[in-house]
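Listed below are the residues making up each chain.
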Amino acid sequence: MILRYDRLAVELPKPKNPSPNDAAAIQELLGGKYGEMSTLMNYTFQSFNFRGRDRLRPFYDLTCSIAAEEYSHIEAVSYAINLLLTGQTVRGKDPVPAPLADAKDARNSYHFLSSAQAALPVDSMGNPWTGQNVHASGNLKLDLLHNFFLECGARANKMRVYEMVSDPCARAMVGYLLVRGGLHVVAYAKALEHLTGVEVTKLVPVPDLSNDKFPEAKKLQDQQKLHLKLYTFSPDDYKQAGIIWNGTHPEDGQPLEVIQGGFEGVPYPVLEEEPQLNSPGADDYDPEMYKDIAKKLGIKL
């Protein structure tokens, strides 16, 4: 089961102006071959299908912990896309000619034709995410090798997207993913070392460019040490992940840490309604009525 928190993992600055083409580029980090949907579903199915977990518990616990975190990555990428799309079209409930006219030059028209100016489970070209991106072989060594490769490929894509976008919201989100994805690269490298004795951590970082070259990533590493902290995303379970995630970081030599539970997180950014898209479409909704009902039920709002 997944324990969910009503908070976002990373703070995203509100864009000063909409940027639909930045949003289109970021879609690759959501629904692309190396995107967060792929990492989530790879590790999730590997954990569901894990056989011999009693004997191999540390590897199972590590995979489960990382799988749970990937859910929060999908959420962060989606919110960045939504923020970058906000305000691209003419607002207002009064009929106007061609209210979506400002969207005709957006590179990914699906954001306006197939959704309410929001994130989609597609890549940067609008191709739907597919379960063919999931690898769960049942062989632990093969799955860990695949996961290491997947995270390295994801890291390369994040760097390329960073080079495409300029909005601070987009770059803050990519910087966060570089730090946490980099941790996952090291985690799977260390897992392979425990399993085989091969010093895989000598390969990192892949690609070679350090996170220190990205200001948003460097800030998270320097101030919050987010490249060192593996979260279990469970109040009591998956403790044996610490058998693998221990020692020092191969890049800077700082001590690694396992934290039982999840991120504290930050409040979600408010996504404004887009009435010209008929979203959310409940004009007669009276929040005061539901506040009164909640009060009678003893629910604190």
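Please read these numbers as outputs of a predicted model, since none were measured by experiment.

Colleague: Would you mind going over the packing of helix α4 (residues 57–85) against helix α7 (residues 168–196) with me for this structure?
Modeller: For any two helices packed against each other, the geometry comes down to the angle between their axes and how far apart the axes lie. Where α4 contacts α7, the two axes come as close as 11 Å, and the packing angle between them is 165 degrees. With respect to their mutual orientation, α4 and α7 come out roughly antiparallel. Relative to α7, α4 is oriented so that their crossing is left-handed. Every residue of α7 that contacts α4 at F59, L62, T63, I66, E69, E70, H73, A76, V77, A80, L83 and L84 is listed here: C169, A170, M173, Y176, L177, R180, H184, A187, Y188, A191, H194 and L195.

Colleague: Where do I start with the pattern of salt bridges in this structure?
Modeller: Pairing is possible between side chains that carry opposite charge, provided their charged atoms lie close to one another. Counted by the stated rule, this structure contains nine salt bridges. Among the ionic pairs, R4 bridges to E75, the shortest N-O distance being 3.6 Å. With a gap of 71 residues between them, R4 in the segment before α1 (20–26) and E75 in helix α4 connect regions that are remote in the sequence. The shortest N-O distance in the salt bridge between D292 and K296 comes to 3.4 Å. A residue pair is termed a helical-turn pair when its members lie 3 or 4 positions apart in one helix, as D292 and K296 do in helix α9 (residues 287–296) at four residues.

Colleague: Can you help me understand the side chain of R180 in this one?
Modeller: Residue placement: R180 occurs in helix α7. A polar side-chain atom of R180 sits 2.7 Å from the main-chain carbonyl oxygen of K229. With residues near it in sequence (within four places) discarded, R180 still touches E69, H73, L226, K229, L230, Y231 and F263.

Colleague: Would you mind showing me how to read the side chain of S115 here?
Modeller: Relative to the assigned elements, S115 resides in the loop between α5 (110–113) and α6 (140–164). Residue S115 is classed as buried on the basis of its relative accessible area, which comes to 16%. The contact partners of S115, leaving out residues within four places of it in the chain, are Y110 and L120.

About the thresholds
Residues numbered from 1 in each chain as written. Predicted model: local features only at pLDDT ≥ 70, side-chain atom pairs only at ≥ 80, totals over all residues. Heavy atoms only, no water. Axes fitted to C-alpha atoms, helices over the stretch in contact; angles between N-to-C directions. Helix = DSSP H or I, 4+ residues; strand = E, 2+ residues; numbered from the N terminus. Parallel < 35°, antiparallel > 145°, perpendicular 65-115°, else oblique. Left-handed = near helix turned anticlockwise from the far one by under 90°. Contact = heavy atoms within 4.5 Å. Salt bridge = Lys/Arg side-chain N within 4 Å of Asp/Glu carboxyl O. Polar contact = N/O pair within 3.5 Å; in protein donor to acceptor, adjacent residues only side chain to side chain. Buried < 20%, exposed > 50% of the residue type's maximum accessible area, 1.4 Å probe, protein only.

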